[in-house]
Amino acid sequence: MSLKTRESGAWSAEYLASIVDSSDDAIIGKTLDGVIISWNKGAERIYGYTAEEVVGRPISILIPSDRPDELPQILSQLRQGKRFDHYRTKRIRKDGTVLDISVTISPVQDADGRVIGASAIARDITAQERAVREALELREQFVSVAAHELRTPLTAIFARLQLIERRLGRTEYDREALARDIEVIRRGTDRLRALLERLLDVSRIKSGRLEIERAPTDVVELARAAASEYAEASGHDVTVQAAGAEGVLADIDAVRIEEVLVNLIDNAAKYGPKDKPVEVEVAADAKAVRIAVHDDGAGIAKDQRTRIFEAFYRASTDARGVGLGLHLAREIVKQHGGSLELSDGDGRGTTFVVTLPK
Ligand code: ADP
């Protein structure tokens, strides 16, 4: 290809066309009636049609049927020489999917300054728009959870403090009653702290700042510690089986993985039968350690099986919670290069399986 024409020294049409084709953006030429006259490679990629398929056809094939007025308005403004800068709208691909695009549409003039057509340069912003929507949704949930879940323990703490003040105002006060008030306050602040840590973890994960401090850790010992601490604090029985995995070491962040296990055990106790123990099973092979947490509850409906891992998603609201446990657990395990999955099992209850590389 020659860059310039030999006769006039102007840039060659071939060269200019190749610049247009190398663009990631869709670059489309159309008449003032909205008939497509040129269509670059970017347009093929974004909209799914080849140039052969669309040149000569109306641009309206790209416009969703719920926006019938958009094209007439654009064309009428173009005739008056007006342009549209980074106009955000929706378009339809050949396969029927709806895209968010940002498009700049400019009138094209002839040598006498008459508007004879238009060019449209469009960028696919579907992924960006989705990310913005998700971030806004997350922020809304964040604020609403913070507002509701922080308020309850705070109200209890405040009421107890007032009570303590009144008790201390008397000449004689009941030490035991005071101790009970303080215990309520301690539980409330524990809840607040735990919730705050979770909210901070979500934000750390979103910004890639969740740090993992690995050290060789005896996984069975860790599972036993998590199980017995949980059982002691809650009164719910937890059994641990570890046939063949005794003494197996994995390079993990023990604090974070214990958090994951306590979370799964707590869910199993919350959503499983109250009178049956939660079963924890540790197994290992040459490469990985697997920890399964099982309960004999009602299980999880098929259509909820992926959503339960989303931040703030709750499939049942009859138990306390904010819908962050599984999300955080999965992210922590992922940071270890492992996975947290809901096992298909044998249809009996629910089993979550944590797999960690050794
Ligand atoms: P939370 O328990 O705070 O709602 P999680 O992220 O821990 O949040 O769990 C998300 C949802 O998954 C829960 O609301 C619940 O519906 C479902 N779930 C989690 N664990 C179990 C389980 N062991 N059995 C049945 N449902 C469960």
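The structure displayed is predicted, hence computed values, not measured ones.

A separate point is the sheet that holds strand β7 (residues 238-241). Across the sheet, which stays open at both edges, the 5 strands sit in the order β7-β9-β10-β12-β11 with mixed pairing between neighbours. Each of the sheet's edge strands pairs with one partner strand only, and the pair in question is β7 and β11 (339-342). Adjacent strand axes in the sheet meet at a mean angle of 15 degrees when their direction is disregarded. Of the pairings in the sheet, the one linking β7 to strand β9 (residues 278-284) comprises 4 bridges and is parallel in character. For Q241, the partnering residue across the bridge sits in β9 and is E281. Contacting β7, β9, β10 (288-295), β11 and β12 (350-357), helix α8 (residues 254-271) crosses the sheet at an angle of about 25 degrees to β10. Contacting β11 and β12, helix α9 (residues 325-335) crosses the sheet at an angle of about 140 degrees to β11.

A cluster of nonpolar side chains, namely L3, W11, L16 and I19, defines an oily patch on the protein surface of about 380 Å² accessible area. Following the sequence through the fold, W11 ends up in the segment before α1 (13-21).

Here we come to the nonpolar core. Core analysis: the biggest nonpolar cluster contains 50 residues, and L264, V282, I291, L324, F352 and V354 have the highest contact counts within it. Two domains share this core, each providing at least three of its residues, namely domain 2 (130-206) and domain 3 (215-357). What I291 contacts, discounting residues up to four positions off in sequence, is V219, L261, V280, E281, V282, F352, V353, V354 and L356.

Between its terminal C-alpha atoms α8 stretches 25 Å, which fits the 26 Å expected from 18 residues at 1.5 Å a residue. Counting buried residues along α8, 13 of its 18 residues qualify, which places the element largely inside the surrounding structure. Near the N-terminus of α8, the side chain that reaches the backbone nitrogen of V255, with its oxygen 3.2 Å away, is that of D253.

Overall, antiparallel pairing links the 5 strands, which are arranged β2-β1-β5-β4-β3 in an open sheet. Sheet topology places β2 (36-39) and β3 (84-92) at the edges, where each strand pairs with a single neighbour. Averaged over all adjacent pairs, the angle separating strand axes in this sheet is 30 degrees, with direction ignored. Of the strand pairs in this sheet, strand β1 (residues 26-31) and β2 are connected by 3 bridges, and their pairing is antiparallel. Within β2, the position partnered with G29 by the bridge is S38. Running over the sheet, helix α4 (residues 70-79) touches β1, β3, β4 (98-109) and β5 (115-124) and is turned about 150 degrees from β3.

Looking now at the pairing of β5. Sheet analysis places β1 next to β5, joined by 6 bridges and oriented antiparallel. Bridge pairing in β5 links G29 to S119. Here 9 bridges tie β4 to β5, and the two strands are oriented antiparallel to one another. Residue pairing for β5: T104 is matched across the bridge by I121. What sits between β4 and β5 in their antiparallel hairpin is a turn of 5 residues, with G113 showing a positive phi close to 85 degrees.

Turning to the domain arrangement of the protein, a few remarks are in order. Each assigned domain of the protein is listed here: domain 1 (13-124), domain 2 (130-206) and domain 3 (215-357). Just the C-alpha atoms count here: the centres of domain 1 and domain 3 sit 53 Å apart.

Inspection of the secondary structure assignment puts R256 in helix α8. At a separation of 3.1 Å, a polar atom in the side chain of R256 contacts the side chain of E259.

Another aspect to go through is the pattern of salt bridges. For the coordinates displayed, the defined rule picks out 29 salt bridges. Residue R83 pairs with D85 through a salt bridge whose shortest N-O separation is 2.7 Å. You can call R83 partly exposed: its relative accessible area is 43%. The exposure class assigned to D85 is partly exposed, which follows from its relative accessible area of 47%. As a salt-bridge pair, D201 and R256 come within 2.9 Å of each other at their nearest N and O atoms. Residue D201 is located in helix α6 (residues 175-206), and its partner R256 is located in helix α8; the two are separated by 55 residues in the primary sequence. Residue D201 shares its accessibility class with R256, and that shared class is buried.

Reading guide: rules and limits
Residues numbered from 1 in each chain as written. Predicted model: local features only at pLDDT ≥ 70, side-chain atom pairs only at ≥ 80, totals over all residues. Heavy atoms only, no water. Pairing = 2+ DSSP bridges. Helix = DSSP H or I, 4+ residues; strand = E, 2+ residues; numbered from the N terminus. Axes fitted to C-alpha atoms, helices over the stretch in contact; angles between N-to-C directions. Contact = heavy atoms within 4.5 Å. Patch = residues over 30% accessible without salt bridge, like charges linked within 9 Å, V, L, I, M, F, W, Y side chains within 5 Å. Areas by Shrake-Rupley, 256 points an atom, 1.4 Å probe, with all protein chains shown as cover. Salt bridge = Lys/Arg side-chain N within 4 Å of Asp/Glu carboxyl O. Core = buried A, V, L, I, M, F, W, Y, C linked by side-chain atoms within 4.5 Å. Buried < 20%, exposed > 50% of the residue type's maximum accessible area, 1.4 Å probe, protein only. Domains from an automatic or database assignment. Expected span 1.5 Å × (residues − 1). Polar contact = N/O pair within 3.5 Å; in protein donor to acceptor, adjacent residues only side chain to side chain.

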